[in-house]
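Each chain, letter by letter, is given below.
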Amino acid sequence: MITSPIWLPATLMAGATQAWRTAVQRRVGKTLSINAAGLVRYLYGIPFALILLGGYQLLFPAPFPVLGPLFLPFCLAGGLAQIIATNLLIMAFGHRNFVVGTAYSKTEAVQGAILSFLLMGERLSALTCAGIGCGGAGVMLLSTGGKRMGPMDFLRALGQPAAITGIASGFFFALTAIGIRRATQQVGGGDPIHAALIVLSVTVLLQTLLQGGYLALREPGEMRKVFTSWRVSGQVGFLSAMGSACWFTGFATAPVALVRIVGQIEVAFTMAFGHFYLGERMARSEAMGLMLVACGVVLALLGAL
């Protein structure tokens, strides 16, 4: 159920911001371990998340809302799922290029539709479901990385490490979305943006404690690198906070699957960053996949009207 039209601009902005953040984070990942590269988005995102929450509170003064009893468990569940998803995505980048790794993770729209139906009973129109299927076909075409593949070649490719880690990343990102949506539903007051910013601030604090604690115990040398890489890592934290604020606003105001299928527009931004920022080439099949993704987004939007 859509509770506010703000979900659409928030989702589109989230896609653009996340593509930029992922591109920068991939550069950080070349000098840091997987866990350290994942930590920077939370650790350096904390001050920006708190600034966003404080700024919103100043612009729209209101009593702090009552938090439901399951608020913290849902924040923790969503935050932990995001940590796992981010680590898997960084691993996928190591097996294939930036665009292909992101494409596999974008199966989260299909997985999110199934999980949100099973776990929350969310139902979508037939047109939106068609959009999800079209978008899913597009990201699978993108996952070929420009290579010509027959049906058997494609099935074999799904058993490769990049596919396994990318699809698993999408699964945990879908769980993240569900956990965050349920957390925002635990925030009273009726302001979805305020609820999203509260959930964001609490979640990044929990994520920093979880992954930071693990890194300090298991990889203390990497912890030092996290602090010395503050110039680039700070960019990751800022973009992560901005992107998550937009995603969380989308999850607070619209069904998870609808937000994720429209959020696949991120793939277009990802390909642009991959081409212009990272110097990766775009093949003809990738252009066709991009068109399918765009058609899926349009169908999903028409189904939501």
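Look up a bit, the structure's there.
What this report covers is the structure whose coordinates are included nearby. (Residues numbered from 1 in each chain as written. Predicted model: local features only at pLDDT ≥ 70, side-chain atom pairs only at ≥ 80, totals over all residues. Heavy atoms only, no water.)

1. Quick word on the layout of surface pockets
For the largest pocket, the calculated volume is near 260 Å³. What lines the largest pocket is a set of 13 residues, and nearest its centre among them are L52, I193, L197, A245 and T249. Looking at the lining of the largest pocket, the elements that each hand over two or more residues are helix 1 (7-29), helix 3 (46-59), helix 10 (192-218) and helix 12 (230-253). For the lining of the largest pocket, the residue count by class is 11 nonpolar, two polar and no charged. (1 Å grid on protein atoms, 1.4 Å probe; cavity = no way out; pocket = protein on both sides within 12 Å on 5 of 7 lines; lining within 4 Å. Points joined across faces, edges and corners; volume = space filled by probe spheres on them. Helix = DSSP H or I, 4+ residues; strand = E, 2+ residues; numbered from the N terminus. Nonpolar A, V, L, I, M, F, W, Y, C, P; charged D, E, K, R; others polar.)

2. Observations concerning empty space enclosed by the protein
In total, this model carries four cavities of 30 Å³ or more according to the counting rule given. In this structure, the largest cavity spans a volume of roughly 70 Å³. In terms of lining residues, the largest cavity is bounded by Q18, R41, Q82, F173, T176, S244, W247, F248, F251 and R260. Looking at the lining of the largest cavity element by element, the count peaks at four residues for helix 12. When the residues that make up the lining of the largest cavity are grouped by side-chain class, the tally is four nonpolar, four polar and two charged.

3. Considering the nonpolar core
Among the nonpolar cores identified, the biggest contains 41 residues, and V199, L200, F248, F251 and I261 are the most heavily contacted of them. Here this core gets seven residues from one element, more than from any other, and that element is helix 10. Look past the residues within four positions of F248 in its chain and what remains in contact with it is I180, T184, A196, V199 and L200. Judged by nonpolar contacts, the second largest core, of 13 residues, contains L32, Y44, V226 and L239. (Core = buried A, V, L, I, M, F, W, Y, C linked by side-chain atoms within 4.5 Å. Buried < 20%, exposed > 50% of the residue type's maximum accessible area, 1.4 Å probe, protein only. Contact = heavy atoms within 4.5 Å.)

4. Structural notes on the environment of A10
Here A10 lies in helix 1. You can call A10 buried: its relative accessible area is 9%. Spatially, the C-alpha atoms of A10 and T253 are 9.9 Å apart, while their sequence positions differ by 243 residues. Among all residues touching A10, those that are not within four sequence positions of it are C246, T249 and G250.

5. Observations regarding the packing of aromatic side chains
Tallied over the full model, the rule gives four aromatic pairs. Relative to F60, the ring of Y56 lies with its centre 4.8 Å away and its plane at 40°, an arrangement referred to as tilted. By relative accessible area, Y56 is classed as buried at 14%. With 6.1 Å between their ring centres and 15° between their planes, W247 and F251 make a pair best called stacked. Here W247 pairs with F251, and both are found in helix 12, just four residues apart, close to one helical turn. For the pair W247 and F251, one class covers both residues: buried. The lysine or arginine in question, R260, covers the ring of W247, its NZ or CZ lying 4.5 Å from the ring centre. (Phe/Tyr/Trp six-rings, centres within 6.5 Å; stacked < 30°, edge-to-face > 60°. Lys NZ or Arg CZ within 6 Å of the ring centre and 35° of its normal.)

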